[in-house]
Protein chains: 2
Amino acid sequence: MSATAPLAVRRRSLQIALDVRTVPEALAALESTADDVDVIEVGTILCLSAGMEAVRCLRAAYPLHTILADVRIAEAGSLIANLAFDAGADWVSVVSGAAPATVPAVAQVAAARGKEVQVELSDGWDWDLVSRCREVGIAQFIVHRSRDAEASGNLAWSAADLDAIAELHRRGGRVSVTGGLKPEEIRAFSEIPAEIFIAGRGIYGAEDPAAAVHTYRTAIDSLPAVDR
Amino acid sequence: MSATAPLAVRRRSLQIALDVRTVPEALAALESTADDVDVIEVGTILCLSAGMEAVRCLRAAYPLHTILADVRIAEAGSLIANLAFDAGADWVSVVSGAAPATVPAVAQVAAARGKEVQVELSDGWDWDLVSRCREVGIAQFIVHRSRDAEASGNLAWSAADLDAIAELHRRGGRVSVTGGLKPEEIRAFSEIPAEIFIAGRGIYGAEDPAAAVHTYRTAIDSLPAVDR
């Protein structure tokens, strides 16, 4: 964000999804890429495989980055959220099929600790969930590109996905987008208020991860900021 | 099971839920209790806190017990199931709000590896889920005592809970029951086809865990076997 940017707008962000099984693999993936990344996502598999030790290691290695523990909370929300926050996470994720009492429970823990919650909008999510989240102060929503579109290699996002992003933003949400996102697709979000772009193997699986992450970064920084 | 018991019936089981945060606490909880236990449940918090190392440690310490990794799968089913099975788990858990494609994905991995899946029937579950599970060969279902009943200290299970257990059994399911279960309640399951009784702090939180687990064991063994 430039020094003269108005406070009501902010730069869009890049989140790296670490879909690996071990802490060494995670550290290796970040070694040449972290400078271009805003949010480090400790993937579900890594959380389960290595436990919260993975979050503690990444927090120690990257004290200034935002860290998401992708624990995909479905139940036992306050316990799991506290576990992740204790380990150093800034954000935790909740699945859209979470038990009704879980959403406010996680929101309460996060608010009390100055942390945030990302809700994954998976197949079958509805606007009632979004309303329940907004009522308890949850602002972050993850929109997945429809798997059919992803599987077909169709670069375009569906009109339904894009409308959902706009509506989430109108409702005060902060939207992340994910699903095989390629750098050349990012310019299509110029007028679409997605604020966080998630990529994983597209970065650390590239032959030159530093070059790959820089391509994402440049594409994201070329977008106009999102009005709040 | 006595040597003369017909093959169509089997002894009912006791599952110990390790709702602790560390491997040492889990090992301590089992030290004087494991002989009376059939199934060791590596609780969700322990899985997330210590990772699959917790499953590996308990497998090493208890090679003959059945081990459930209570990973509460909601998405990414085959990945998470393989992670748990690789670590030595016999069973994995799936939440009732899991994405529709997740149920067959986990079932397929489990079947291919000779493992099993437990589906947690949480608030809002429906019989369509049960049908979808049975179609892909999932037999195990966990019925939670309604939280209201548990909170009120009411020992009786609701008629709705008991009817659900009977209907799950009629549909070929193998039912586990949980929710603040006390040994003195177990005799009430004489004619109710619950096959696995889950207890946690009621065992290892007792002043004398060995005596506590033995009380559960005796109560369970005094029940008639469940017809299959």
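Worth saying up front: this structure is predicted, and the values here are computed from it rather than measured. (Residues numbered from 1 in each chain as written. Chains lettered and ligands numbered in written order. Predicted model: local features only at pLDDT ≥ 70, side-chain atom pairs only at ≥ 80, totals over all residues. Heavy atoms only, no water.)

1. Digging into the relation of the copies chain A and chain B
For these two chain copies, the linking operation is a rotation about an axis paired with a shift along it. Taken as rigid bodies, chain A and chain B are interconverted by a rotation of 180 degrees and an axial shift of 0.0 Å, the fit giving an RMSD of 0.0 Å. Taken together, the turn and the small shift mark the pair as related by a two-fold rotation axis. Identified as the residue of chain A closest to the rotation axis by C-alpha distance is A:G51, at 1.8 Å. Comparing interface residues between copies, 100% of those in chain A also sit at the interface in chain B, which points to an isologous, same-surface contact. (Least-squares fit on C-alpha atoms with pLDDT ≥ 70 in both. Contact = heavy atoms within 4.5 Å.)

2. Quick notes on the pattern of salt bridges
Residues and elements named next belong to chain A. Going through the model one piece at a time under the given rule, you end up with 32 salt bridges over all chains. Note that R59 and D90 form a salt bridge whose closest N and O atoms lie 2.6 Å from each other. One end of the pair, R59, is in helix α3 (residues 53–61); the other, D90, is in the loop between α4 (77–87) and β5 (91–95), and 31 residues separate them in sequence. Each of the salt bridges in this network shares a partner with another, and the network as a whole consists of R11, D38, R217 and D221. (Salt bridge = Lys/Arg side-chain N within 4 Å of Asp/Glu carboxyl O. Helix = DSSP H or I, 4+ residues; strand = E, 2+ residues; numbered from the N terminus.)

3. As for the packing of α4(A) against helix α5 (residues 102–113) of chain A
Residues and elements named next belong to chain A. Direction vectors running N to C along α4 and α5 enclose 30 degrees, while the axes themselves pass 8 Å from each other. One way to sum up the angle between α4 and α5 is to call them roughly parallel. In the crossing of α4 with α5, the sense of the turn from one axis to the other is right-handed. Along the contact surface, α4 presents G77, S78, A81, N82, F85 and D86, while α5 presents T102, A105, V106, V109, A110 and R113. Of the residues assigned to the contact of α4 with α5, the class counts are 6 nonpolar, 4 polar and 2 charged. (Axes fitted to C-alpha atoms, helices over the stretch in contact; angles between N-to-C directions. Parallel < 35°, antiparallel > 145°, perpendicular 65-115°, else oblique. Left-handed = near helix turned anticlockwise from the far one by under 90°. Nonpolar A, V, L, I, M, F, W, Y, C, P; charged D, E, K, R; others polar.)

4. Brief notes about empty space enclosed by the protein
Throughout the structure, instances matching the rule amount to 1 cavity of 30 Å³ or more. Considering only enclosed or pocket space, the largest cavity measures out at about 170 Å³ in volume. For the largest cavity, the lining is made up of 16 residues, of which A:V71, A:R72, B:L48, B:V71 and B:R72 are closest to its centre. Looking at the lining of the largest cavity, the elements with two or more residues in it are α2 (44–50) and β4 (66–73) of chain A together with α2 (44–50) and β4 (66–73) of chain B. Across the lining of the largest cavity, the residue classes tally to 10 nonpolar, 2 polar and 4 charged. (1 Å grid on protein atoms, 1.4 Å probe; cavity = no way out; pocket = protein on both sides within 12 Å on 5 of 7 lines; lining within 4 Å. Points joined across faces, edges and corners; volume = space filled by probe spheres on them.)

5. With respect to the interface of chain A and chain B
You'll often see interface size given as the accessible area lost when the parts meet. With 24 residues of chain A at the interface, the matching set in chain B holds 24 residues. A buried area of about 2000 Å², summed over both sides, lies between chain A and chain B, and 61% of it is on carbon and sulfur atoms. Its largest share of buried area at the contact with chain B, chain A owes to A:L48, A:E75 and A:L83, together 33% of the area lost on that side. Summed over the shared surface of chain A and chain B, the result is 4 salt bridges. Between A:E75 and B:R72 there is a salt bridge; the shortest N-O distance is 3.5 Å. For the interface between chain A and chain B, the tally reads 8 residue pairs in polar contact (both at pLDDT 80 or more). Broken down by secondary-structure element, the contributors of at least two residues to the side of chain A that touches chain B are α2, α3, β4 and α4 of chain A. Taken together, the residues of the side of chain A that touches chain B sort by class into 12 nonpolar, 5 polar and 7 charged. (Buried area = accessible area lost by both parts, 1.4 Å probe. Polar contact = N/O pair within 3.5 Å; in protein donor to acceptor, adjacent residues only side chain to side chain.)

6. Brief notes about the sheet that holds strand β2 (residues 13–18) of chain B
Residue and element names in this part refer to chain B. One closed barrel holds the 8 strands; their spatial order is β2-β3-β4-β5-β6-β7-β8-β9, and the pairing between them is parallel. Across the sheet, the mean angle from the axis of one strand to that of its neighbour is 30 degrees, orientation sign disregarded. The pairing of strand β5 (residues 91–95) with strand β6 (residues 116–121) spans 5 bridges and is classified as parallel. Looking at the pairing, W91 lines up with E116 of β6. Helix-sheet contacts for helix α5 (residues 102–113) involve β4, β5 and β6, and the interaxial angle to β6 is about 150 degrees. (Pairing = 2+ DSSP bridges.)

7. What to know about the side chain of B:R12
Residue and element names in this part refer to chain B. Position of R12 relative to the elements: it lies in the loop between β1 (9–10) and β2. Among buried charged residues, R12 stands out as having no salt bridge; its nearest opposite-charge side chain is E191, 6.8 Å away. Only 2.9 Å separates the side chain of R12 from the backbone oxygen of I192, close enough to count as a polar contact. (Buried < 20%, exposed > 50% of the residue type's maximum accessible area, 1.4 Å probe, protein only. Lys, Arg positive; Asp, Glu negative; His and termini not counted.)

8. Brief notes about the packing of helix α1 (residues 23–31) of chain A against α3(A)
All names here are of chain A. Put simply, α1 and α3 touch, their axes get as near as 10 Å, and they point 30 degrees apart. Of the possible angle classes, the one that applies to α1 and α3 is roughly parallel. Pair α1 / α3 crosses with right-handed handedness. Note on element contacts: α3 touches α1 through A54, C57, L58 and A61, opposite V23, A26, L27 and L30.

9. Remarks on unusual backbone geometry
Residues and elements named next belong to chain A. Although it is not a glycine, R72 sits at a positive phi angle of roughly 45 degrees. If you trace the backbone, R72 turns up in strand β4. For R72, a relative accessible area of 18% gives the class buried. Unlike most non-glycine residues, A76 shows phi in positive territory, near 50 degrees. Mapped onto the elements, A76 comes out in the loop between β4 and α4.

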